Amino acid sequence: GLSAAQIRLIYNGIDVDRFVVPAHAVQRDRYSLKRSLGLREGPVVGIIGRLSDVKGHIYLLQAMPAVLRQFPQAQLLVVGEGPMRARLVRLARSLGISAACVFIPRIHDPLKALPVIDIFAMPSLKEGLGLSLMEAMAAGLPCVGSDIGGIRNLIKHGENGLLVPVEDSAGLAAAVISLLDDEKKARQL
């Protein structure tokens, strides 16, 4: 019974100031933080979220062989828990990328993982409004996400991130590679 002029959509919010970390602090702590998470030197593609089929982890794992062909030192950091864990670990093994994948359980403070990530990925099949994507964007990370729902509300393609078609491992790989290959573009996004 209300007119459209009386309705405003208010999205989830986060405390943006919490994610603004001075660059010198990130650089100083990055190496030790990487080691504590089981990562080595090299670029890190990361995802934070529950391990369920709707989050699209499978497509990110399938994208990694192409990323690793271009950037052999790259790694994938998967943060989260859920019913897909065993299947994702098996998929990494079958793709021959286990050595480049680090799976860690859910963390209570995303600032324990975000500072080591070079490119944040959210390849969800459905997404209301990704909290972890909002946190990654607030932390100043270049982000790649599926061109759907709430992700599309957050990422404006080419302005503050890159959108790829849903379930498109090749498109996801190309977007990640383009950002790893162009530091200036990654910083701008």
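Everything below is about the structure shown above.
Residues numbered from 1 in each chain as written. Predicted model: local features only at pLDDT ≥ 70, side-chain atom pairs only at ≥ 80, totals over all residues. Heavy atoms only, no water.

A few words on the sheet that holds strand E1 (residues 44-48). Judged by pairing direction, the sheet is parallel, and its six strands sit side by side in the order E3-E2-E1-E4-E5-E6 without closing on themselves. Among the strands making up the open sheet, the edge pair consists of strand E3 (101-104) and strand E6 (162-164). Between one strand axis and the next, the sheet turns through 20° on average, direction left out of account. Here strand E5 (residues 143-146) runs beside E6; their pairing, made up of three bridges, is parallel. Paired with glycine 145 across the two strands is leucine 163, which belongs to E6. Taken strand by strand, helix H6 (residues 169-181) contacts E1, strand E4 (119-122), E5 and E6, and its axis lies near 160° from that of E6. (Pairing = 2+ DSSP bridges. Helix = DSSP H or I, 4+ residues; strand = E, 2+ residues; numbered from the N terminus. Axes fitted to C-alpha atoms, helices over the stretch in contact; angles between N-to-C directions. Contact = heavy atoms within 4.5 Å.)

The gaps of empty space that remain are located by a probe, the size of a water molecule, rolled over the atoms. Estimated volume of the second largest pocket: approximately 380 Å³. Along the walls of the second largest pocket sit 21 residues, with Ile48, Gly49, Arg50, Arg106 and Ser132 positioned nearest its centre. For the lining of the second largest pocket, the secondary-structure elements that each account for two or more residues are E1 and helix H4 (131-138). Element by element, the count of residues in the lining of the second largest pocket is highest for H4, at three residues. By residue class, the composition of the lining of the second largest pocket is eight nonpolar, seven polar and six charged. (1 Å grid on protein atoms, 1.4 Å probe; cavity = no way out; pocket = protein on both sides within 12 Å on 5 of 7 lines; lining within 4 Å. Points joined across faces, edges and corners; volume = space filled by probe spheres on them. Nonpolar A, V, L, I, M, F, W, Y, C, P; charged D, E, K, R; others polar.)

Treat this as a map of the structure, not an account of what it does.
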